[in-house]
Amino acid sequence: MTIWIAIGATAVGCYLVKLLGLLVPAAALERPLVQRLSALLPVALLAALTAQQTFSDQGALVLDARGAGLAAAALALVLRAPFLVVVGAAVVVTAGVRALGG
């Protein structure tokens, strides 16, 4: 029963957050600072999620094959490779480092 209460509370909370977003006046959203922040926020959240998933294992800081794969993907991005090449480079380097025992 506790899980259903948590699911219901989460659903209501999500609805209220969405409703709150719709109630924000348009004038507040047209400010230059708000527009700049709204453009940068998804990038910052994605970078934080990537860093947390790459360098964390059960709350401990780790540097393993995932870091090498991320570095390969970053290098491919700097070289302006297509997206599939970036993903492929990350996969190949990560697999290679793991195969070598890393």
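Since the structure is predicted, the reported quantities are computational estimates derived from the model, not experimental observations.

Draft legend 1. Quick peek at the overall build of the protein. Of regular secondary structure, the protein possesses five helices and two strands. Reading the protein from its N end, one meets helices and strands in the order α-α-α-β-β-α-α. Scaling as 2.2 N^0.38, a compact globule of 102 residues should have a C-alpha radius of gyration of about 13 Å, whereas the protein reaches 20 Å, well beyond that. The principal-axis extent of the C-alpha atoms belonging to the protein is close to 55 × 45 × 25 Å. Here the protein, with 102 residues, has 10% of them falling under the buried criterion. Restricting to contacts in the protein with at least 6 residues of sequence separation, those with at least 24 account for 29%.

Draft legend 2. Looking closely at helix α3 (residues 32–55). Here α3 contains 24 residues, and its C-alpha end-to-end distance of 34 Å stays within 8% of the 34 Å for a straight helix at 1.5 Å per residue. The largest bend along α3 measures about 30 degrees and falls at Leu40, with the proline Pro42 one to four residues further on.

Draft legend 3. Quick look at helix α4 (residues 65–78). Taking 1.5 Å of rise per residue, the 14 residues of α4 would be expected to cover 20 Å, and the 20 Å separating its terminal C-alpha atoms lies within 8% of that figure. Those residues of α4 not exposed but buried are Ala65, Gly67, Gly69, Ala72, Ala73 and Ala76. At its buried positions, α4 is contacted by α3 and α5 (83–99). Just downstream of α4, Arg80 is the residue with a positive phi angle, here 60 degrees.

Draft legend 4. Region of interest: the packing of α3 against α4. Direction vectors running N to C along α3 and α4 enclose 140 degrees, while the axes themselves pass 8 Å from each other. As the angle between them shows, α3 and α4 are arranged oblique. Between α3, through Thr50, Gln53, Thr54 and Phe55, and α4, the contact on the second element is made entirely by Arg66, Gly67 and Leu70.

Draft legend 5. Geometry of a nonpolar patch on the surface. There is a patch of nonpolar side chains on the surface, built from Val12, Tyr15, Leu16, Leu19, Leu22 and Leu23 and spanning about 660 Å² of accessible area. Relative to the elements of secondary structure, Leu23 occurs in helix α1 (residues 2–23).

Here is what the cut-offs are and how they apply
- Residues numbered from 1 in each chain as written.
- Predicted model: local features only at pLDDT ≥ 70, side-chain atom pairs only at ≥ 80, totals over all residues.
- Heavy atoms only, no water.
- Helix = DSSP H or I, 4+ residues; strand = E, 2+ residues; numbered from the N terminus.
- Rg over C-alpha atoms; globule rule 2.2 N^0.38 Å.
- Buried < 20%, exposed > 50% of the residue type's maximum accessible area, 1.4 Å probe, protein only.
- Contact = heavy atoms within 4.5 Å.
- Expected span 1.5 Å × (residues − 1).
- Bend = angle between axes of the 7 residues up to and from the residue.
- Axes fitted to C-alpha atoms, helices over the stretch in contact; angles between N-to-C directions.
- Parallel < 35°, antiparallel > 145°, perpendicular 65-115°, else oblique.
- Patch = residues over 30% accessible without salt bridge, like charges linked within 9 Å, V, L, I, M, F, W, Y side chains within 5 Å.
- Areas by Shrake-Rupley, 256 points an atom, 1.4 Å probe, with all protein chains shown as cover.
- Salt bridge = Lys/Arg side-chain N within 4 Å of Asp/Glu carboxyl O.

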